[in-house]
Amino acid sequence: MALGKIKADTLEHSTAGSLDTQYIVAGSPRAWFQANLETPVVQQSINIASITDVQAGRHDFTYTNNFAQRTYACPTGGGGSTSNNTLANVATPTDGKLTSKVRADTQYAHSTVFDPAECCIASIGDLA
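An account of the accompanying structure is given in this report. (Residues numbered from 1 in each chain as written. Predicted model: local features only at pLDDT ≥ 70, side-chain atom pairs only at ≥ 80, totals over all residues. Heavy atoms only, no water.)

On to the side chain of D105. Among the structural elements, D105 can be located in strand β9 (residues 101-108). For D105, a relative accessible area of 16% corresponds to the buried category. Setting aside its immediate chain neighbours within four residues, D105 contacts G57, R58, L87, A88, N89 and A91. (Helix = DSSP H or I, 4+ residues; strand = E, 2+ residues; numbered from the N terminus. Buried < 20%, exposed > 50% of the residue type's maximum accessible area, 1.4 Å probe, protein only. Contact = heavy atoms within 4.5 Å.)

This is the structure we're talking about:
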C-alpha cells in the first residue's frame, strides 16, 4: 500500500466559506486528558505520560513531550454531579504549570478540596 500526502493551505465548505489551515494547526491541543481523580487514573489522553497524586484536590500530569514555554493555554473542566459544583483550576506557573507538566487543583464551588470522578484539561501551545 502506498502512503500519500494531502497538502492544503485552506479548507473550503460549499456554503460556510473557507478557513486557513493554520488556525487548525495552531489551535489544536498539544495535550489533553480526562481523568478520574478519585482513583486516580487517566482514562483518555494525548501527550500525557503520567499522573501524580500530590495531595487531596491536587494532581500533577506530566507531558510525554514538553512545551516550548510555560505560557501555553489550559482550558479546564470539572466533573461530577450538578449538585457539587466542581471547579478544576490549573495551578500558577511557580508551583505547577511548567513546560514538563501541569498541576490540576480541584474543589467544590465553596472551596473544599476533593478528588472528583472527572477532571479535564487541554493544553494548547507550541511543543519544544
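Let us keep going from here.
This next bit is on the pattern of salt bridges. Under the counting rule described, the total for this entry stands at three salt bridges. Of the charged contacts, one joins K101 and D60 as a salt bridge, the two residues approaching to 3.0 Å between their closest N and O atoms. Taken together, the residues K101 in strand β9 and D60 in strand β6 (residues 58-63) connect sequence positions 41 residues apart. Connected through shared salt-bridge partners, D60, K101 and R103 make up one network. (Salt bridge = Lys/Arg side-chain N within 4 Å of Asp/Glu carboxyl O.)

Further remarks concern unusual backbone geometry. The omega torsion across T39 and P40 is -25°, close enough to zero to call that bond cis. Within the secondary structure, P40 sits in the loop between β3 (31-36) and β4 (41-46). Even without glycine at this site, N47 takes up a positive phi of about 65°. Counting through the fold element by element, N47 comes out in the loop between β4 and β5 (48-55).

This paragraph deals with the environment of K97. Tracing the chain through its elements places K97 in the loop between β8 (86-90) and β9. Residue classification places K97 among the buried positions, given a relative accessible area of 13%. Sequence separation of K97 and R70 is 27 residues, and the distance between their C-alpha atoms is 6.5 Å. Polar contacts involving the side chain of K97 include one to the main-chain carbonyl oxygen of Y72, which spans 2.4 Å. (Polar contact = N/O pair within 3.5 Å; in protein donor to acceptor, adjacent residues only side chain to side chain.)

Note that every value here comes from positions in space, so none of it alone points to a role or purpose.
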